[in-house]
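Structural description and commentary
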Amino acid sequence: MLKFPDGTLIISGKRDFRNLEFYQESNMYRTIISDEIKFVVPFINSPAVCISTGSTVDYDYASVIGMIKDAIGIKQIALERSSIPKTNYVGIQFVAIGKWK
């Protein structure tokens, strides 16, 4: 976490999700992660957030296709992949940038 005197706040984090259930839609496999990720310090408004998949262990790669967020955290993340997942395990990394004052 980086907190600047001008009110800028940058928070980054990593979280792993196990036992995700992917469903097939057309030729893609999708899942919704509904476990909220709370920011360690709340923003005054909803921050800009960048999310990518990444983990320190073997996991299923997926693309982030959407998210629901607010000033307190990331509420949901939608993931998509082109093949049936083997482990149902996905790790995500995020960076949130906004104002704390």
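It should be noted that the structure appears before, not after, this text.
Residues numbered from 1 in each chain as written. Predicted model: local features only at pLDDT ≥ 70, side-chain atom pairs only at ≥ 80, totals over all residues. Heavy atoms only, no water.

**Concerning the nonpolar core**
Judged by nonpolar contacts, the single largest core of 22 residues is most densely connected at Phe39, Ile74, Ile77, Ile92 and Phe94. When contributions to this core are tallied by element, the ones reaching two or more residues are β2 (8–17), β4 (28–33), β6 (48–53), β8 (73–81) and β9 (90–99). Sort the elements by how many residues they give to this core and β9 lands first, with four residues. (Core = buried A, V, L, I, M, F, W, Y, C linked by side-chain atoms within 4.5 Å. Buried < 20%, exposed > 50% of the residue type's maximum accessible area, 1.4 Å probe, protein only. Helix = DSSP H or I, 4+ residues; strand = E, 2+ residues; numbered from the N terminus.)

**Concerning the packing of aromatic side chains**
Applying the stated criterion across every chain, the model contains two aromatic pairs. Ring geometry for Phe39 and Phe94: centres 6.1 Å apart, planes at 50°, overall tilted. On the criterion of sequence distance, the pair formed by Phe39 in the loop between β5 (37–38) and β6 and Phe94 in strand β9 is long-range, its members being 55 residues apart. Neither Phe39 nor Phe94 differs from the other in exposure class; each is buried. By way of ring pairs, the aromatic residues Phe39, Phe43 and Phe94 are connected into one cluster. The ring centre of Trp100 lies 4.3 Å from the NZ or CZ of Lys3, which sits over that ring. A cation over an aromatic ring shows up here: Arg18 above the ring of Tyr89, its NZ or CZ 4.3 Å from the ring centre. (Phe/Tyr/Trp six-rings, centres within 6.5 Å; stacked < 30°, edge-to-face > 60°. Lys NZ or Arg CZ within 6 Å of the ring centre and 35° of its normal.)

**Remarks on the sheet that holds strand β1 (residues 2–3)**
Within the open sheet, the four strands sit side by side as β1-β2-β9-β6. Their pairing is antiparallel. Two strands in the sheet have a free side with no partner beyond their single neighbour: β1 and β6. In this structure, β1 lies alongside β2, joined through two bridges in antiparallel fashion. What sits directly across from Leu2, in β2, is Ile10. (Pairing = 2+ DSSP bridges.)

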